[in-house]
Amino acid sequence: MSTENTLETGTVQNGIFYSSQVMLDLAKLKKVYPTPKGDYVVLEDLDLQIMKEEFVTIIGHSGCGKTTMLSMIAGLNPISGGNIAVLGNPVKGPGPDRGVIFQSPSLMPWMTALENVLLGVNQVFKHATKTQRKDIAKYYLHKVGLEGAFDKKAIELSQGMQQRVGIARAFAIKPKVLLLDEPFGMLDSLTRGELQDILIEIWNKEKITAVMITHDVDEAIFLADRVVMMTSGPRAKIGDILNIDFERPRTRKSVLEHDDYYSYRKHLIDFLEH
Amino acid sequence: MKQDITLKREGQFLAFLKPLVGKFTPNFQRMDIMGSLKKTVITIFSVLVFLGLWHLGSKALYNKEANFKIEKALNEQGAVAAEAERACIASGDSSCQPNTLPSPLQVWASLQSLIADHKVITADKAAFVEKMSERNAQLIAQGKDAIVYTGRASFVDIVLTSIKTVFAGFLLALLIAVPIGIVIGLSPSLRSAFNWFIQIFKPVSPVVWYLLVFMIVKTLYIGDSSDNAFVISFISVGLCAMWATLVNTAMGVSTVDKDYINVAKVLKLGTFQKIFKVILPSSLPLIFTGLRITLSVAWMVLIAIELLAQSQGLGLFVWEEFQNGANDSNSKIIVAMFVIGIIGFLLDRLMLAIQNMVSFNKNESV
Ligand SMILES: Nc1ncnc2c1ncn2[C@@H]1O[C@H](COP(=O)(O)OP(=O)(O)O)[C@@H](O)[C@H]1O
Ligand SMILES: [Mg+2]
């Protein structure tokens, strides 16, 4: 507790307070997958620090090891070398302090939207009353625009609606870090835009440190404080980092009309094309 | 699309019921009515063809045996005896009728007589209970056993006994196979430990299961004069039929979608929660597929096992009629055959309905 408080410093930029406390620290991270043709080194010497209340997006070529990195942060995939720490504590296995939104919504199809969110809420808020837990779950479902679908079975919801439940489920457990692995990759562009808006709206309110993988350059810029570019594998590491200095809250329109937008975009595309 | 698929699936058996059920998407209404009308006509037509062929076949067999009998009388006893035999067969006298495949009409008549017989026995039973009511009340007051009706079982009683046996066997299979399947499914090492056991005992024939159960139950009931035929038959049925459920449950539990397991891990669900909130619900469709197979296998082996165990069910009925060799025995056997088939079909429909009810993904269930 005390170490957390002494670290609580920050800078003010554009009138917004940015905490400089390190939330996530990846140091000399390494991942090796054993294959029949010998070991395959996916990641090596990967260093990355993510600050508290920061929204980081990660782009990189398919197969470079983005999912591998994220699942190691989540604790679902063992580390081959180096360290991952959350607020200075090494990650030992998965836990609800790191919420995950998977690419497929991964809802329990036999449960209703509300039950899916409650599954996590019940687990995290063990001391709350039943009504309180229900209220939390309903609040977040409301936030993602599903107030009319509490009792719909997950299987009856469209992909986009399912992913909304996924977002509600992740925020409702109040994680320290939110990990998103191409959460909108399977959606059509209209639905994707809607969900980006919903995500950023909740995030503006909750300010949960977020790490999101995406293959969509515009999405990466719109959502992020920093865009992290990964080099292609094998032995992938962080290639470049781009600060996005748009003020928050942002609207899609203001971002698109911003003078720096196209230079950011060019920077990212140039990186990906090399 | 979905409607089409269900129609295709059920249409084979229940096309003629479809208009009564009436669950149509408006757009396809016309097509569906035309389609099911066509199927209804085809079904009725095929039933008629079946009955016709059956009738002709049984007639041919009847003539063959009749001619043989007359010829035999001619060769062994002369023309007078042959003429007497011919007259006897033509008169319909039961002493000389050919004993072969009965015609549809004979089977229908047997069904009527079995129902009439049931009514007689039921009335008899009611009269007995009435007559004994005072006496039994006294006996019970004295703390003794009441006198129960021990007359002949009617065909309906026999069918009910079979259904009771199959359900008891099914329940036993469920209670053994589902828990063991879950445990095996959860643990890869237990799975390999049990594998040889399942592989070896799964293909064992019902008769052998019966003998095994008989050996054990006989000893357990030693000195006890009560009838253990029912116990032996339902245990044998259960043991024969449980394998599909065991294998499917283990498979369902061991192949839960990795995403769901990851969600459970991230939320740090406890073992109990993980099993009951994630693993079991997600394997329910496979478990029910197994249970459906189990029930149909149970019904299938029941007949043979009842026969062996001398349990008062359809199996024994069929066998006794065959041994009996009375004039209408063969048609009673055919009646039993249809009853067995129809009940088996209805049991399967029942399981399918339950299966569709519990499975969250309608496309996955067959
Ligand atoms: N379990 C595994 N075993 C072996 N190789 C794997 C495994 N998972 C991923 N890989 C390989 O590691 C590389 C990185 O995969 P991944 O992290 O999924 O990439 P990305 O998410 O960036 O597309 C790929 O080449 C992939 O084939
Ligand atoms: Mg990936």
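Residues numbered from 1 in each chain as written. Chains lettered and ligands numbered in written order. Predicted model: local features only at pLDDT ≥ 70, side-chain atom pairs only at ≥ 80, totals over all residues. Heavy atoms only, no water.

- As named in an unreviewed UniProt entry, chain B is ABC transporter permease subunit, taken from Maribacter luteus.
- Database annotation for chain B, UniProt heading Subcellular location (unreviewed entry): "Cell membrane".
- Its UniProt record gives chain B the following Sequence similarities (unreviewed entry) comment, quoted word for word: "Belongs to the binding-protein-dependent transport system permease family." (UniProt positions renumbered as here; feature names shortened; annotations may be inferred.)

- For chain A, an unreviewed UniProt entry supplies the name ATP-binding cassette domain-containing protein and the organism Maribacter luteus.
- Its UniProt record gives chain A the following Subcellular location (unreviewed entry) comment, quoted word for word: "Cell membrane".

**Some details on a nonpolar patch on the surface**
All names here are of chain B.
And step 1. On the surface, a nonpolar cluster with roughly 730 Å² of combined accessible area is contributed by Ile44, Val47, Leu48, Phe50, Leu51, Phe338, Ile342 and Leu346.
And step 2. For the nonpolar patch, the secondary structure elements donating two or more residues are α3 (29-77) and α14 (329-358).
And step 3. A total of 5 residues in the nonpolar patch trace back to one element, the largest contributor, which is α3.
And step 4. The residue Val47 is located in helix α3 in this model. (Patch = residues over 30% accessible without salt bridge, like charges linked within 9 Å, V, L, I, M, F, W, Y side chains within 5 Å. Areas by Shrake-Rupley, 256 points an atom, 1.4 Å probe, with all protein chains shown as cover. Salt bridge = Lys/Arg side-chain N within 4 Å of Asp/Glu carboxyl O. Helix = DSSP H or I, 4+ residues; strand = E, 2+ residues; numbered from the N terminus.)

**Some details on the environment of B:Val107**
Residue and element names in this part refer to chain B.
And step 1. Of note, Val107 is situated in helix α5 (residues 104-141).
And step 2. For the pair Val107 and Leu212, spaced 105 residues apart in sequence, the C-alpha to C-alpha distance is 37 Å.
And step 3. If we skip the residues at most four places from it in the chain, Val107 touches Trp54, Pro102, Ser331, Ile334 and Val335. (Contact = heavy atoms within 4.5 Å.)

**Structural notes on the sheet that holds strand β3 (residues 22-35) of chain A**
Residues and elements named next belong to chain A.
And step 1. Read from one edge to the other, the open sheet built from 4 strands follows the order β4-β3-β6-β7, with strand pairing classed as antiparallel. At either margin of the open sheet sits one strand with a lone partner, and together these are β4 (38-51) and β7 (89-90).
And step 2. With 10 bridges connecting them, β3 and β4 associate as antiparallel partners. In the sheet register, Thr35 faces β4, and the bridge partner there is Gly38.
And step 3. Most of the contacts of helix α2 (residues 66-74) go to β3, to which it runs at about 120°, and overall it touches β3, β4 and β6 (81-86). (Pairing = 2+ DSSP bridges. Axes fitted to C-alpha atoms, helices over the stretch in contact; angles between N-to-C directions.)

**Here's the deal with a positive patch on the surface**
And step 1. Taken together, the side chains of A:Lys130, A:Lys134, A:Lys138 and B:Lys277 define a basic patch exposed on the protein surface.
And step 2. Considering each element in turn, the positive patch owes the most residues, 3 residues, to helix α4 (residues 130-143) of chain A.
And step 3. Positionally, A:Lys138 belongs in helix α4.
And step 4. Assessed through its relative accessible area of 31%, A:Lys138 is described here as partly exposed. (Lys, Arg positive; Asp, Glu negative; His and termini not counted. Charge placed at Lys NZ, Arg CZ, Asp CG, Glu CD. Buried < 20%, exposed > 50% of the residue type's maximum accessible area, 1.4 Å probe, protein only.)

**Here's the deal with the domain arrangement of chain B**
How big an interface is tends to be stated in terms of the accessible area lost upon association of its parts.
And step 1. As far as domains go, chain B holds domain 1 (2-91) and domain 2 (153-358).
And step 2. Centre-to-centre separation of domain 1 of chain B and domain 2 of chain B, based on C-alpha positions: 32 Å. (Domains from an automatic or database assignment.)

**Some details on the nonpolar core**
And step 1. Counting 101 residues, the largest nonpolar core has A:Leu24, A:Leu26, A:Leu46, A:Met69, A:Met230 and B:Leu314 as the members making the most contacts within it.
And step 2. With 15 residues, helix α12 (residues 271-309) of chain B is the single largest residue contributor to this core.
And step 3. Ignoring any residue separated from it by four or fewer positions in sequence, one finds A:Leu46 in contact with A:Leu26, A:Ala27, A:Lys28, A:Leu29, A:Met69, A:Met230, A:Ala236, A:Lys237 and A:Ile238.
And step 4. Residues A:Phe55, A:Ala220, A:Leu242 and A:Phe246 belong to the second largest nonpolar core, which totals 52 residues. (Core = buried A, V, L, I, M, F, W, Y, C linked by side-chain atoms within 4.5 Å.)

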